[in-house]
Structures are given as structure tokens and as C-alpha cells.
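Here are the chains, one letter per residue:
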Amino acid sequence: MTALGLVLLSMMGYSQHMPANMDNGAGTARLLSRSDWGARLPKSVEHFEGPAPYVIIHHSYMPGVCFSTLECMKSMRDMQDFHQLERGWNDIGYSFGIGGDGMIYTGRGFNVIGAHAPKYNDKSVGIVLIGDWRTELPPKQMLDAAKNLIAFGVYKGYIDPTYKLLGHRQVRDTECPGGRLFEEISSWPHFTKLNTTEATTTQAPVEPHVHPQPPIAKSQPAAPKA
Ligand SMILES: [Zn+2]
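Residues numbered from 1 in each chain as written. Predicted model: local features only at pLDDT ≥ 70, side-chain atom pairs only at ≥ 80, totals over all residues. Heavy atoms only, no water.

Draft legend 1. Summary view of the pairing of strand β5 (residues 124-129). Among the 6 residues in β5, 6 count as buried, and that is most of the element. By the alternation rule, side chains of β5 split into Ser 124, Gly 126 and Val 128 and Val 125, Ile 127 and Leu 129, which are all buried. Sheet topology note: the strand β2 (residues 52-59)/β5 ladder contains 6 bridges and is parallel. Following the sheet pairing, Ile 56 is matched in β5 by Gly 126. Pairing of strand β3 (residues 96-98) with β5, which is carried by 3 bridges, proceeds in the parallel orientation. (Buried < 20%, exposed > 50% of the residue type's maximum accessible area, 1.4 Å probe, protein only. Helix = DSSP H or I, 4+ residues; strand = E, 2+ residues; numbered from the N terminus. Pairing = 2+ DSSP bridges.)

Right, here's the structure in full:
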């Protein structure tokens, strides 16, 4: 575990260490490679030309939050199983996962077409904060890791410096990334409200969702007026 915690950017393809004294947070991001979490090989890999103009934030809903690196590695494998074996996709749908341990887990990685947000998969970095964030806020180390990852992506030229930050719900019929997390990212730099012409319409058919959807809460009947 300690050794893993010290792994810096042993990521495939971009194994450079981040500069130690960057003051934008990128210097503290800790990324684990696919082999670290025991990923299966992707069935195929398709690249898009960067830098990506969008960053899209997700929650996993299920699996729930993980706090140890061993647990989080299993969550990544479970999501890859779901996407590859049940959905029949090439690979785990997301570009990266963030664990409750504060680590960043490489999914498809940068500049690889994802399967997390139809119509945006070839121009975005899809980041899933593992857990159900409808009513709870992810712990600080997760939020910091997500911000660090974005800063790193911009620094390395994988993410456009003028990127737009979106929650999944802005581009698809989903509650993702959960109400509480969505409220949080709404205050982050680059968060963008999409206007109606820019937002994706959802008249389907589109591919199945990247994560399970919680049951839709039945609306309460209005209380009779006293
Ligand atoms: Zn989502």
C-alpha cells in the first residue's frame, strides 16, 4: 500500500513525473496505472485529437465509496467488468476514476474515446468519483484529486486551458453526478451552464448508461392545505 501510495505517474504513455513545485495542485496528484489495479486489456483503443475541450464529472452510484486502495482497485475492476462484460464495450467507460483513498485510477486515459457521455465521448475527459453523491459530499481528498487531475491534464496539454467543466446530468437524462456533488462542482473554475441549443437533447436511442441509475423517487402528493 505504501509503495502504491508513492507511485507517481506510472501511467502508460505519460509516465513523466509532475513538477514538484507547481502551485496549482497538479504536483500532488497521484495516479495509478491500469496494471496497478489489474485492468483487463481493452478490446480496442480509439484516440481523438486533443486537447479535450470538456471535462465531465460522474459519480458511480454503485459501487459505493471505497476508502482503501485495495477496495478502490476492486471497484475499478467491477466497473470494467460491468462495461466490458455486460455492456459489451471496449473497456471501462471512463477516462479516470477517483477513489475515497484520494488516488487517481487510470481508466481509458487521456485522448482516448470514452463511453461515458454520448456525443461527448470523443471530446472530453470523463472522471468518475467512485460512490453515491446524491446527498453526501465526497471527502476532501477525492475532490482535491479530481482538481489535481484536471490541473495536470491542462498542464500536459491533454485538456484545453479553456475547457468547460460539466456534470453528466447536463448532457444526459441522469441524476449523475448526484445532487450534492453537482452543487459542489458548480462552484469550481470552468464550470459551465449549457444553454439549450448547446445541451444535448435526449430523444434517444442512445447507448445505455455508463452507471446504474437510482430508482426515480416518487413525488410526494401535495399536503392538503390547512
Ligand atoms: Zn454519469
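Draft legend 2. View of the state of the cysteines. Per the counting criterion, the structure on display carries 1 disulfide. What pairs with Cys 66 in a disulfide is Cys 72, and their sulfur atoms sit 2.2 Å apart. Taking the sign of the S-S torsion, 105° for the link of Cys 66 and Cys 72, the bridge is right-handed. Classification of Cys 72 by relative accessible area gives buried; the value is 0%. (Disulfide = S-S within 2.5 Å.)

Draft legend 3. Looking closely at the coordination of the zinc ion. Looking at the metal site, the zinc ion is ligated by His 58 (ND1), His 168 (ND1), Cys 176 (SG) and His 211 (NE2), spaced 1.9 to 2.2 Å from it. Because the angles between the 4 donor atoms bound to the zinc ion fall within 97 to 123°, the donor set is best described as tetrahedral. (Donors = N, O, S within 2.8 Å, 3.2 Å for Na, K, Ca; no water. Tetrahedral: all angles 85-135°; square planar, octahedral: opposite > 155°, others 65-115°.)

Draft legend 4. Summary view of unusual backbone geometry. Gly 50 connects to Pro 51 through a cis peptide bond whose omega is 0°. Locating Pro 51 in the fold gives a position in the loop between α2 (34-37) and β2. Note that the residue after Cys 176, namely Pro 177, is joined by a cis bond; omega there is 10°. Phi at Lys 119 is positive, roughly 80°, even though this residue is not glycine. One can find Lys 119 in the loop between β4 (104-106) and β5.

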